[in-house]
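What follows is each chain in one-letter form.
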Number of protein chains: 2
Amino acid sequence: MTTSPTPRVTIKDVAARAGVSKGAVSLAFNHKPGLSEATRDRIFEAARELGWAPNLAARSLSSSRVDVVGLAICRPAQLLGLEPFYMEFVSGVESVLTERSCSLLLRLVRNVEEEVGLQDAWWRGKQVSGSILVDFRADDPRVPAAERLGLPVVAVGHPSLTGSLTSVWTDDATAVTEAVGYLAALGHRRIARVGGAAALGHTSIRTAAFDEATRALGIAGARQVATDFSGEEGARATRSLLSAAPPDRPTAIVYDNDIMAVAGLSVASEMGLNVPGDVSLLAWDDSQLCRLTHPTLSAMSHDVHGFGADVARTLFGVITGEGPGSHPVPTPVLTPRGSTAPPKV
Amino acid sequence: MTTSPTPRVTIKDVAARAGVSKGAVSLAFNHKPGLSEATRDRIFEAARELGWAPNLAARSLSSSRVDVVGLAICRPAQLLGLEPFYMEFVSGVESVLTERSCSLLLRLVRNVEEEVGLQDAWWRGKQVSGSILVDFRADDPRVPAAERLGLPVVAVGHPSLTGSLTSVWTDDATAVTEAVGYLAALGHRRIARVGGAAALGHTSIRTAAFDEATRALGIAGARQVATDFSGEEGARATRSLLSAAPPDRPTAIVYDNDIMAVAGLSVASEMGLNVPGDVSLLAWDDSQLCRLTHPTLSAMSHDVHGFGADVARTLFGVITGEGPGSHPVPTPVLTPRGSTAPPKV
DNA sequence: AATAGGGACTTTACCGGTTCAGTAACGGAT
DNA sequence: ATCCGTTACTGAACCGGTAAAGTCCCTATT
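Being a predicted model, the structure only gives us computed values, none of them experimental.

## Some points on the protein's contact with DNA strand C
Residues in close proximity to DNA strand C total 24 residues, the closest being Ile11, Ser26 and Lys32 of chain A together with Ser36 and Thr39 of chain B. Taking all atoms of DNA strand C within 4 Å of the protein, the share assigned to sugar and phosphate is 63%. In the environment of DNA strand C, a phosphate oxygen lies 2.6 Å from a nitrogen or oxygen atom belonging to the side chain of Lys32 of chain A. Side-chain polar atom of Arg59 of chain A to a phosphate oxygen of DNA strand C: 2.9 Å apart, as the coordinates give it. The residue makeup of the surface near DNA strand C, split by class, is 9 nonpolar, 12 polar and 3 charged.

## Considerations on the protein's contact with DNA strand D
Around DNA strand D, a shell composed of 25 residues is seen, among which Thr39 of chain A together with Ile11, Ser26, Lys32 and Ser62 of chain B lie nearest. When the atoms of DNA strand D within 4 Å of the protein are grouped by moiety, sugar and phosphate amount to 67% of the total. A distance of 2.5 Å separates a phosphate oxygen of DNA strand D from a polar atom in the side chain of Ser26 of chain B. Taking Trp52 of chain B, its side chain carries an N or O atom lying 2.7 Å from a phosphate oxygen of DNA strand D. Elements represented by at least two residues in the surface near DNA strand D include exactly helix H4 (56-63) of chain A together with helix H2 (22-29) and helix H4 (56-63) of chain B. Top element by residues in the surface near DNA strand D is H4 of chain B. It accounts for 5 residues. Of the residues that constitute the surface near DNA strand D, the class distribution is 9 nonpolar, 13 polar and 3 charged.

## Comments concerning the relation of the copies chain A and chain B
Once turned by 180° and shifted 0.0 Å along the axis, chain A lies on chain B with an RMSD of 0.1 Å. Here the two chains are linked by the operation of a two-fold rotation axis. Within chain A, the C-alpha atom positioned nearest to the axis of rotation is that of Ala57 of chain A, 2.3 Å from it. Comparing interface residues between copies, 96% of those in chain A also sit at the interface in chain B, which points to an isologous, same-surface contact.

## Quick notes on the domain arrangement of chain A
Its domain assignment divides chain A into domain 1 (11-54), domain 2 (68-170 + 305-329) and domain 3 (172-301). Summarising the inter-unit geometry, the C-alpha centres of domain 1 of chain A and domain 3 of chain A are found 61 Å apart.

## Details of the interface of chain A and chain B
Each partner contributes to the interface: chain A provides 57 residues, whereas chain B provides 55 residues. Carbon and sulfur atoms supply 60% of the area buried between chain A and chain B, which totals about 5300 Å² over both sides. It is Met87, Gln288 and Leu292 of chain A in chain A that bury the most area against chain B; as a group they hold 14% of the surface buried on that side. At the boundary of chain A with chain B, the tally comes to 2 salt bridges.

## What to know about the nonpolar core
With 60 residues, the main nonpolar core has Ile253, Leu281 and Leu297 of chain A together with Ile253, Leu281 and Leu297 of chain B as its most contacted residues. Look past the residues within four positions of Ile253 of chain A in its chain and what remains in contact with it is Ala192, Val194, Thr238, Leu241, Leu242, Val279, Ser280, Leu281 and Leu282 of chain A.

## Thoughts on the side chain of Ser60 of chain B
Structurally, Ser60 of chain B is set in helix H4. Those residues in contact with Ser60 of chain B that sit more than four places away from it in its chain are Ala57 of chain A together with Arg65 and Val66 of chain B.

## Some words on the sheet that holds strand E12 (residues 333-335) of chain B
All names here are of chain B. Reading across from one edge, E7-E6-E8-E9-E10-E12 is the order of the 6 strands in this open sheet, with mixed pairing throughout. Strands at the two margins of the open sheet, each flanked by one partner only, are strand E7 (223-226) and E12. For this sheet the average axis-to-axis angle between neighbouring strands, irrespective of direction, equals 20°. Where strand E6 (residues 191-195) and strand E8 (residues 252-255) come together, 4 bridges link them in parallel fashion. Residue pairing for E8: Arg193 is matched across the bridge by Val254.

## A few points about the confidence of the model for chain A
All names here are of chain A. Mean pLDDT over chain A: 91, with 96% of residues reaching 70 or higher. Between the elements of chain A, mean pLDDT differs from a low of 63, seen in helix H5 (residues 77-82), to a high of 97, seen in strand E4 (residues 153-156). In the model, residues 1-5 has pLDDT below 50 throughout and makes 0 contacts with residues more than four positions away in sequence or in other chains.

## A short note on the sheet that holds strand E11 (residues 326-329) of chain A
An order of E11(A)-E5(A)-E4(A)-E3(A)-E1(A)-E2(A)-E2(B)-E1(B)-E3(B)-E4(B)-E5(B)-E11(B) is seen for the 12 strands of this open sheet, with the pairing classed as mixed. For this open sheet the edge positions go to E11 of chain A together with strand E11 (326-329) of chain B, each flanked by a neighbour on one side alone. This sheet shows a mean twist of 25° between the axes of neighbouring strands, independent of strand direction. Judged from the 6 bridges that link them, strand E1 (residues 68-73) of chain A and strand E2 (residues 103-108) of chain A form a sheet pairing that is parallel. Paired with Val68 of chain A across the strands is Ser103 of chain A, a residue of E2 of chain A.

## Description of the pattern of salt bridges
Counting across every chain of the model gives 32 salt bridges over all chains. Note that Asp140 of chain A and Arg142 of chain A form a salt bridge whose closest N and O atoms lie 2.8 Å from each other. By relative accessible area, which is 4% here, Arg142 of chain A ends up buried. Across the pair Asp278 of chain B and Lys344 of chain B runs a salt bridge, and its minimum N-O distance is 2.9 Å. Of this pair, Asp278 of chain B sits in the loop between helix H12 (258-270) and strand E9 (280-284) while Lys344 of chain B sits in the segment after E12, and the two are 66 residues apart along the sequence.

## A short note on the pairing of strand E6 (residues 191-195) of chain A
Residues in a regular strand point their side chains to alternate faces of the sheet. Residue and element names in this part refer to chain A. In terms of residue burial, E6 counts as a mostly covered element, since 5 of its 5 residues are buried. Sheet topology note: the E6/strand E7 (residues 223-226) ladder contains 4 bridges and is parallel. Opposite Ala192, over in E7, you have Arg223 as the bridge partner. Of the crossover connections in this fold, the one passing from E6 over helix H10 (residues 201-216) to the parallel E7 is right-handed.

## Observations concerning the pairing of strand E5 (residues 166-170) of chain A
Residue and element names in this part refer to chain A. Burial of E5 is extensive: 5 of the 5 residues sit out of reach of the surface. Side chains Thr166, Val168 and Thr170 project from E5 onto one buried face, and the interleaved Ser167 and Trp169 project onto a second face that is buried too. Relative to E5, E4 runs parallel, the two being bridged by 3 bridges. Bridging from a neighbouring strand, Ala155 pairs with Ser167 of E5. Alignment of E5 against E11, held across 4 bridges, turns out to be parallel.

So, how was this worked out
- Each chain has its residues counted from 1, running along the sequence as written.
- The order in which chains are written sets their letters, starting at A; the order in which ligands are written sets their numbers, starting at 1.
- Side-chain atom pairs in this predicted model are given and counted only at pLDDT of 80 or more, local residue features only at pLDDT of at least 70, and totals for whole chains, interfaces and linings cover all residues.
- Excluding hydrogens and water, the side-chain figures rest on all heavy atoms present in the structure.
- Throughout, near means a residue has at least one heavy atom within 4 Å of the molecule or strand.
- Two N or O atoms count as a polar contact when they lie within 3.5 Å, although within protein this holds only if one can serve as hydrogen donor and the other as acceptor, and sequence-adjacent residues are included solely when both atoms are side-chain atoms.
- All amino acids are sorted into three groups, where Ala, Val, Leu, Ile, Met, Phe, Trp, Tyr, Cys and Pro are nonpolar, Asp, Glu, Lys and Arg are charged, and the leftover types, Gly among them, are polar.
- Here a strand is any run of E in DSSP of at least two residues, a helix any run of H or I of at least four, and the numbering for each starts at the N terminus.
- The least-squares superposition of copies is restricted to C-alpha atoms, and to residues with a pLDDT of at least 70 in both copies.
- Note on definitions: a residue-residue contact is assigned when non-hydrogen atoms from the two residues lie within 4.5 Å.
- Boundaries of every domain are those given by an automatic assignment or by a domain database.
- Put simply, buried area is the surface a 1.4 Å probe can reach on two separate parts but cannot reach once they are joined, added for both.
- Throughout this description, the term salt bridge denotes a Lys or Arg side-chain nitrogen within 4 Å of a carboxyl oxygen of Asp or Glu.
- Buried residues of nine kinds, namely Ala, Val, Leu, Ile, Met, Phe, Trp, Tyr and Cys, make up a nonpolar core once their side-chain atoms join them within 4.5 Å.
- Type-normalised accessible area, obtained with a 1.4 Å probe on protein chains alone, sets the label of each residue: buried when under 20%, exposed when over 50%, and partly exposed for intermediate values.
- We call two strands paired when DSSP finds no fewer than two bridges between them.
- A fitted line through C-alpha atoms represents every axis, and for helices the fit uses only the stretch in contact; the resulting angles, taken between N-to-C directions, go from 0 to 180 degrees.
- For every residue, the pLDDT score states the predictor's confidence, bounded by 0 at the bottom and 100 at the top.
- Every crossover in which the path from the first strand over the helix to the second runs clockwise, viewed with the strands pointing away from the viewer, is termed right-handed.

Below, the structure written as structure tokens:
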């Protein structure tokens, strides 16, 4: 049994079959004017019969445009799997890409330098028409790199981190302030925060906002610890916070994602502490996970799918020549569930 | 301030700069013989100075090969985000693609029909050199489609589902048997299973294996329920199973993924049942999540990252003309943790 | 001395589309 | 009857590479 050598059908075959020139087929398939209805139909009919689809490589070569956008993510694989955030984000991005029959080129990288090299190669090699940049850090090398290349990008991150690049961002500072305010309103005076990777820009923003918010409320015993976003570190951080003697022990903890909050919840129960009786927990980036625990987790909730879609739409804007801009998306909203309550006396 | 129009540098510029012909540059960059060391160096030097990277569209057009593989995933976005499985799988795939400077074209689709159309277009349009197919169901339309197109694919699924396609699969039946055997050995006689989407092939395989295993052990009261893999349905299923009166209530539950097991755990505690005292829980597709709960979840553990890598390697085999084959990967192994124990009395 | 062989390149013909200058045909205005 | 302006389409150049055939020169063989 031999594999049939798949006689690839090209635009020429379609043209021949429809009795027109290649040019006409091209016009028809790009919905450009200059063809009669009848001819157009004949062409589509011929293409259908032959099962022809334009060769994108050829198209992008001659028209020098590609329908692909790039996304490189830089987190250890094991952590990535757990972050519901990314998959949901990606699916939001896809939802708008699909509408415009555009594809997503995804790559996991080990560090920012590798990503810079990758974006560079993608753009130089005309593999993408633009890229989405995530996980900004202070003085991120991708900012000058994208500027230098003239690569159309949208930077997912606060404008203070993304230089002249078009950015789409959530107002983390306000959200942190709201979270702290909520816990303080419940009566908590000893509030701690288990933050994400210190190198990440949005982590520093939240850290600063947390300091500011607690100071403003006159809360003295506010502690923060940095982690790598993993459940394990979340657990470790929680254990260390909760093992302080009662007067120093926080009565409320805010987490930077929901995995760590879940881990924190189990640490509390392992230590014989009642949630929310002895300690209140507040998660971030509300995913379904927060509703699966017992008690359910209160969270700063956030439409990640819609966020991804916004980012993709903005990227199309940039690609079509829109000038740089800064696009805030709705601030995460506090969603109280079962893990937060007033502290016991 | 005008954006510099990015004068794209082509192979011709590099050739000119190195004082050779385009052909020579092509030879150098494809590591083909026929050039002296000196010339080769001059060419690379020139390319480096100009910051040139070959245009992949042009390359794939003339050499009729592309360094891209396709992957379409068909699950609702919200569920996807939660399944640690996919991100980990993807990262495994990426790890071997990257070595061969190959990229992954990812797309989320709504149903199998849409995927068939997509794979068809990808292949016809020469956008991919091969594809990875996941989530097989009985009489999957992708099997005849891939055969008809001559599209090189590797099917992630049991050979009984994937027809003549090259398959990579885990032996779910054996794993289920082992899981049931373990619980039975602990003394459980009333074992239930919270399965995944009934339409999926591996779900039916597990369902059949569960029936078979419980029958073989003479266990009468074995119940199974189908879900959509979501935590919510996992919780609902657990609630329904555990609300039976004690003699009928299962003393052990096996889940088809770990999200549902986490959900089940919280349902048990919400119902005032002790895990593992009153009921033992066993998760599947062991992710970090299983170590974050309290008690920690026993699970059928499985190297998903390595699985993805194997799949990618196999795909390269298929692309380079290796005949169809069936490649089993290691069976998930039972990893006992805190959620399983002998039943009380 | 003539010839063969091979290394190091160059030349040239594509790959499969898009684009744009050109052309033929037709209806209407002058 | 002529000229103009559209509309509908064709033909050829071009995009940036690859691949196969061709050229040239140098050394080894007969």
